[in-house]
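Chain residues, written in single-letter form:
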Amino acid sequence: MSLTNNKYVLGWIEEMKALVKPDQVIWIDGSDQQLEQLRAEACSTGEMEKLNEEKLPGCYLHRTAPTDVARVEGRTFICTRKKEDAGPTNNWMDPKEAYETLGKLYDGAMKGRTMYIIPYTMAHSGSPFAKVGIELTDSIYVVLNMCIMTRVGPKAMEQLGDSPDFVKGLHAKKDLSEKDKYICQFPEDNTIWSINSGYGGNVLLGKKCFALRIASFQAKNEGWMAEHMLILGIENPQGETKYITAAFPSACGKTNLAMLIPPEIYAKAGYKVWCVGDDIAWLRIGPDGRLWAVNPEYGFFGVAPGTNAKSNPNALASCSRGTIFTNVVHNLDDNTVWWEGLDKNPPRNAINWKGEKWDYTDGSKGAHPNSRFTAPAKNCPCISPEFDNPQGVPISAIIFGGRRAKTAPLVYESRDWAHGVFVGSAMASETTAAASGAVGVVRRDPMAMLPFCGYNMGDYFAHWLEMGEKLGDKAPRIYNVNWFRTDEEGHFLWPGFGDNMRVLMWILGRCEGKFDAVESPIGNLPKVDDIDLTGLDMTKEDLANLLTVDKKLWAEDAAGIREFYAKLGDRLPKKLMEELEILENNVK
């Protein structure tokens, strides 16, 4: 039974059916009854395993193919008609060639299989932010994950009405061939085609494919922003909440910050921290001229390893029910799950992420390093009361950050919006041992959008500058943080985790005009007395050491920024080159 009479939707579905040739077609209405049937079917075929209902109610385990465990940037393409519109930071394919190449792969790809039609909205139905997508897939795993990660069901079709303005997503597992794996975004056609993968970010098309790659292109054309950012609120003892968005590359503690637990000094005083979102923010200028943000997603797709009761108790609580675990350890003794970093008690009787009997003493990893939990956002103990507000929340500050051992201080403030865009455009992290090969290599990841910007990065920076002009004096302030400064022995100088709130409190204090700042060659630094160290084993001298700016290191960094900018050619806004020249002069 179809959930719509929209001729554009029905016409497209018929076209795709003729291409992939499924045995049957099922519309997903998101009802508990339908999802329960699908879960039972997935368990009967071995696609999923039901976990201990008492300890992990409504939770399931899934394993992907061992070669299909992460986003594959090398097989991800932006298919714009002109190569320069995809830009030098994206893999490009001519749309004609992409449709032809993938069309042959899709031909009959669902023979003997069921095609599931998933209508969904990113952001809330009825919200000024809302966008509709439809994903066609032959994977029950995808259906069940999409029902956690997005708002699925008839309301999406009501939101769409008779309009042709929806994102068309086609996914087929096919035979999971490595060489024929493609994740193609066609921004000018509002279309996503994914084939030969069964892993999260490649197949849950509402996530990075739509909410960032396609949405960033829509946002540029429609005057809003789609960003790889968490959103959190800090409520003071008087009950007022101020909101911050923050962009970090991977392995920089983004989820931990999104679900931050206030240190005792703030908790006892009555401060609370609320999570609006852990990964993606859609931002637009509200009727009051300020920048407002929503989390377009409905769930968390979190990395399991390292998540524990100390590092992130809120994330652990989030995946305690109604959750799908992917590529973690299956504890056969009590039918629960385990991963490295959960606790120090690996199960003795267990199956690893590849589906093999696992002996924890042999040094092998039981869970894949990129193993995941897909959990409903509503499970999170600190989910914001504004999570479902269709208008979003007003943003006071935007934070960029990376992992730098020596260069960047703990925190600094940009001089103005354009300087802040420069800071975000130059964002970088040093590779850790986890990244294959060289340690300490600086990788530029502007605004943490390098793998997710659906068009030319130079045009993306220009769009940020234009948004600043529209916002004028109502623009949020922009900051850069670095939790990862180390001493000569490589020990971290800042405690991190919940104590990062001390830095956020300085940032909000600056936004409210409570603190002065110290000018430096790179931007405005805190006065040592303005970051509260109460309860920390740390002196003011230690903090002063975290706030130093070494001109020699910054001169080296400026050279690295110049090298990165050179790749963008004439699409780089002149304003950013001027900001780079100011930095170069300041650190001579």
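Asker: How would you sum up the sheet that holds strand 22 (residues 357-358)? Please name residues and give values.
Answerer: Hydrogen bonding along the main chain pairs the strands of a sheet, whether they run parallel or antiparallel. Read across the sheet, four strands follow the order 20-19-21-22 without closing on themselves; strand pairing throughout is antiparallel. On the outer flanks of this sheet lie strand 20 (336-338) and strand 22, each paired with one strand and no other. Bridge count for strand 19 (residues 329-331) against strand 20 is three bridges, and the pairing is antiparallel. For V329, the partnering residue across the bridge sits in strand 20 and is W338.

Asker: Let's hear about the pairing of strand 15 (residues 281-285): which residues, and what values?
Answerer: On a regular strand, each side chain points to the face opposite its neighbour's, so the side chains alternate between the two faces of the sheet. Where strand 11 (residues 225-227) meets strand 15, three bridges bridge the pair, whose relative direction is antiparallel. By the bridge assignment for strand 15, A226 is matched with W282. Here four bridges tie strand 15 to strand 16 (residues 291-294), and the two strands are oriented antiparallel to one another. By the bridge assignment for strand 16, L283 is matched with A293. Hairpin connection from strand 15 to strand 16: five residues lie between these consecutive antiparallel strands, with G289 at a positive phi of about 85 degrees.

Asker: Break down the pairing of strand 5 (residues 114-122) for me, citing the residues and quoting the values.
Answerer: Here strand 5 lies mainly inside the structure; nine of its nine residues are buried. Alternating positions in strand 5 separate into two faces, T114, Y116, I118, Y120 and M122 on one and M115, I117, P119 and T121 on the other, with burial throughout. As judged from the seven bridges shared by strand 5 and strand 6 (residues 131-137), these two strands associate in the antiparallel manner. Its bridge partner being in strand 6, T121 is matched across the sheet by V132. Of the pairings in the sheet, the one linking strand 5 to strand 7 (residues 151-152) comprises two bridges and is antiparallel in character. Along strand 7, the bridge assignment pairs T121 with R151.

Asker: Go over helix 5 (residues 140-149) with me, naming the residues and quoting the values.
Answerer: Counting buried positions over the ten residues of helix 5 gives ten, a clear majority of the element. Taken together, the buried positions of helix 5 are I140, Y141, V142, V143, L144, N145, M146, C147, I148 and M149.

How each quantity is defined
- Numbering of residues starts from 1 in every chain and runs along the sequence as written.
- Reporting in this predicted model follows two pLDDT cut-offs: at least 70 for local features of residues, and 80 or more for side-chain atom pairs to be given and counted; totals over whole chains, interfaces and linings ignore these cut-offs and use all residues.
- Each side-chain value is worked out from all heavy atoms of the structure, with water and hydrogens disregarded.
- Between any two strands, at least two bridges found by DSSP are needed for them to pair.
- By the criteria applied, helices consist of DSSP H or I runs no shorter than four residues and strands consist of E runs no shorter than two, each listed in order from the N terminus.
- Throughout, exposure labels follow a simple rule: accessible area from a 1.4 Å probe, protein chains only, divided by the maximum for the residue type, with under 20% read as buried, over 50% as exposed, and the rest as partly exposed.

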